[in-house]
Amino acid sequence: MNKSELIEHIAQQADISKAAAGRALDAVIGGVSTTLKKGGSVSLVGFGTFAVSTRAARTGRNPRTGDAIKIKKAKVPKFRPGKALKDAVN
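Residues numbered from 1 in each chain as written. Predicted model: local features only at pLDDT ≥ 70, side-chain atom pairs only at ≥ 80, totals over all residues. Heavy atoms only, no water.

### So, the packing of helix α1 (residues 3-14) against helix α2 (residues 18-37)
Step number 1: At a closest axis distance of 8 Å, the pairing of α1 and α2 adopts a crossing angle of 115°. As judged from the angle between their axes, α1 and α2 are roughly perpendicular. Handedness of the α1/α2 crossing: right-handed. Touching Lys3, Leu6, Ile7, Glu8, Ile10 and Ala11 of α1 are Lys18, Ala21, Gly22, Leu25 and Asp26, all from α2.
Step number 2: Grouping the constituent residues of the contact of α1 with α2 by class yields six nonpolar, one polar and four charged. (Axes fitted to C-alpha atoms, helices over the stretch in contact; angles between N-to-C directions. Helix = DSSP H or I, 4+ residues; strand = E, 2+ residues; numbered from the N terminus. Parallel < 35°, antiparallel > 145°, perpendicular 65-115°, else oblique. Left-handed = near helix turned anticlockwise from the far one by under 90°. Contact = heavy atoms within 4.5 Å. Nonpolar A, V, L, I, M, F, W, Y, C, P; charged D, E, K, R; others polar.)

### Thoughts on the sheet that holds strand β2 (residues 48-55)
Step number 1: On the basis of which strands lie adjacent, the open sheet formed by three strands has the order β1-β2-β5 and antiparallel pairing. The two strands at the open ends of the sheet, each matched to only one other strand, are β1 (42-44) and β5 (74-81). Taken over all neighbouring pairs, the strand axes of this sheet differ in orientation by 30° on average, direction set aside.
Step number 2: Two elements, β1 and β2, share three bridges in a ladder whose sense is antiparallel. The partner of Val42 across the bridge, within β2, is Phe50. (Pairing = 2+ DSSP bridges.)

### Considering the layout of surface pockets
Step number 1: Of the voids in this model, the largest pocket is the one considered here, and its volume is about 200 Å³.
Step number 2: If you trace the largest pocket, you find it lined by Leu25, Val28, Ile29, Val32, Ser33, Leu44, Phe47 and Phe50.
Step number 3: Sort the elements by how many residues they give to the lining of the largest pocket and α2 lands first, with five residues.
Step number 4: Tallied by class, residues from the lining of the largest pocket come to seven nonpolar, one polar and no charged. (1 Å grid on protein atoms, 1.4 Å probe; cavity = no way out; pocket = protein on both sides within 12 Å on 5 of 7 lines; lining within 4 Å. Points joined across faces, edges and corners; volume = space filled by probe spheres on them.)

What follows is the structure, encoded as structure tokens:
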């Protein structure tokens, strides 16, 4: 499912226009992104938790030359599914 299919699904389920569903989805994604940028986390009970994790600096290999390169530490977004989502999938 891509973004436009998700907007269509939201519009049908909530009985709203596709434009309103698109604005709602953009607002949710924007809210999650803003919170993660600030270092916070977003918990949706039953669905899961979005959080930021720090990946440590490490040594990697350049695939073309095989030379060792240093990879900087980085902040990465993570998603941990909730119990209800896990149960729905299984």
